[in-house]
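Observations on the model geometry
Each chain is listed here by its residues.
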Amino acid sequence: MSDEGVEPDDEQDDDEVVFELADWTDEDRAAVRDRLQAKGIAHEWEDGDLVVADADADAADDAIEAVEFPDELPADADDTGDGADDADADDGGVGYALMSALFVAADRLQHDPEDPRVGGAFDEAADAVVAAAPPYGVAAEQWKQLQELAANVCDQLDEADADVIARDAGALRQLLSRYV
């Protein structure tokens, strides 16, 4: 477990573990939160302390240590258990580059939904995002929503009315604007 330790709290359920992180910066707590969300780990914050189910304590500790000691963990120490290394989650900016490319492609498609070159560029950018793991700091649910919307717009390119394509490309662009 991390140096912050786990302190049993008499007011907490026996099935919960409390990590004392109240003295951490907001940025570090946010990084832990993002890692837990990416792994789908239910958690809550109580006065800056992290509370997780006992069954998730090891994964939470790994997330805490990854933030606290980012250069000291082996590449597979922060495995999500989904078969993908978390090196994919902290991808050195590749995920954000993919989102940026998709943002530009969605913007172009929104303004010119009938141009086949614009549609082809959008299709390429969307395929890359759909195939990628969520970038560090993007919650799995949000990433899935981006992927589904991008795939939906791709499906529309050959069949839908230009106004529908433009509307949905605009919605995707708006969603991506939070990240790029």
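**Here we look at the confidence of the model for the protein**
In low-pLDDT regions, the fine details of the predicted coordinates are not to be read closely. Mean pLDDT over the protein: 80, with 80% of residues reaching 70 or higher. When pLDDT is averaged over each helix and strand of the protein, the minimum, 85, is found for helix H1 (residues 26–39) and the maximum, 93, for strand S3 (residues 49–53). In the model, residues 1–12 has pLDDT below 50 throughout and makes 28 contacts with residues more than four positions away in sequence or in other chains. Note that residues 73–89 has pLDDT below 50 and, in this model, 24 contacts with residues that lie over four places away or in other chains.

**Remarks on the sheet that holds strand S1 (residues 16–19)**
Spatial strand order, S1-S3-S2: three strands in an open sheet with antiparallel pairing. The open sheet has two free edges, formed respectively by S1 and strand S2 (43–46), since each of these has just one partner strand. Recorded for the sheet is a direction-independent mean angle of 25° between the axes of neighbouring strands. Direction of pairing for S2 relative to S3: antiparallel, over a ladder of four bridges.

**Examining a negative patch on the surface**
Together, Asp123, Glu124, Asp127, Asp155, Asp158 and Glu159 make up a negatively charged patch on the protein surface. Overall, Asp123 belongs to the partly exposed group, its relative accessible area being 30%.

**Focus: the packing of helix H5 (residues 140–156) against helix H6 (residues 162–176)**
Direction vectors running N to C along H5 and H6 enclose 160°, while the axes themselves pass 10 Å from each other. Comparing their axes, H6 and H5 come out roughly antiparallel. Crossing of H5 over H6 shows left-handed handedness. Contacts between H5 and H6 involve Gln145, Leu146, Leu149, Ala150, Asn152, Val153 and Gln156 on the former and, on the latter, Val164, Ile165, Asp168, Ala169, Ala171, Leu172, Leu175 and Leu176. Its residues assigned to classes, the contact of H5 with H6 comprises 11 nonpolar, three polar and one charged.

What counts, and at which threshold
- Residues numbered from 1 in each chain as written.
- Predicted model: local features only at pLDDT ≥ 70, side-chain atom pairs only at ≥ 80, totals over all residues.
- Heavy atoms only, no water.
- pLDDT = per-residue confidence, 0-100.
- Helix = DSSP H or I, 4+ residues; strand = E, 2+ residues; numbered from the N terminus.
- Contact = heavy atoms within 4.5 Å.
- Pairing = 2+ DSSP bridges.
- Axes fitted to C-alpha atoms, helices over the stretch in contact; angles between N-to-C directions.
- Patch = residues over 30% accessible without salt bridge, like charges linked within 9 Å, V, L, I, M, F, W, Y side chains within 5 Å.
- Areas by Shrake-Rupley, 256 points an atom, 1.4 Å probe, with all protein chains shown as cover.
- Salt bridge = Lys/Arg side-chain N within 4 Å of Asp/Glu carboxyl O.
- Lys, Arg positive; Asp, Glu negative; His and termini not counted.
- Charge placed at Lys NZ, Arg CZ, Asp CG, Glu CD.
- Buried < 20%, exposed > 50% of the residue type's maximum accessible area, 1.4 Å probe, protein only.
- Parallel < 35°, antiparallel > 145°, perpendicular 65-115°, else oblique.
- Left-handed = near helix turned anticlockwise from the far one by under 90°.
- Nonpolar A, V, L, I, M, F, W, Y, C, P; charged D, E, K, R; others polar.

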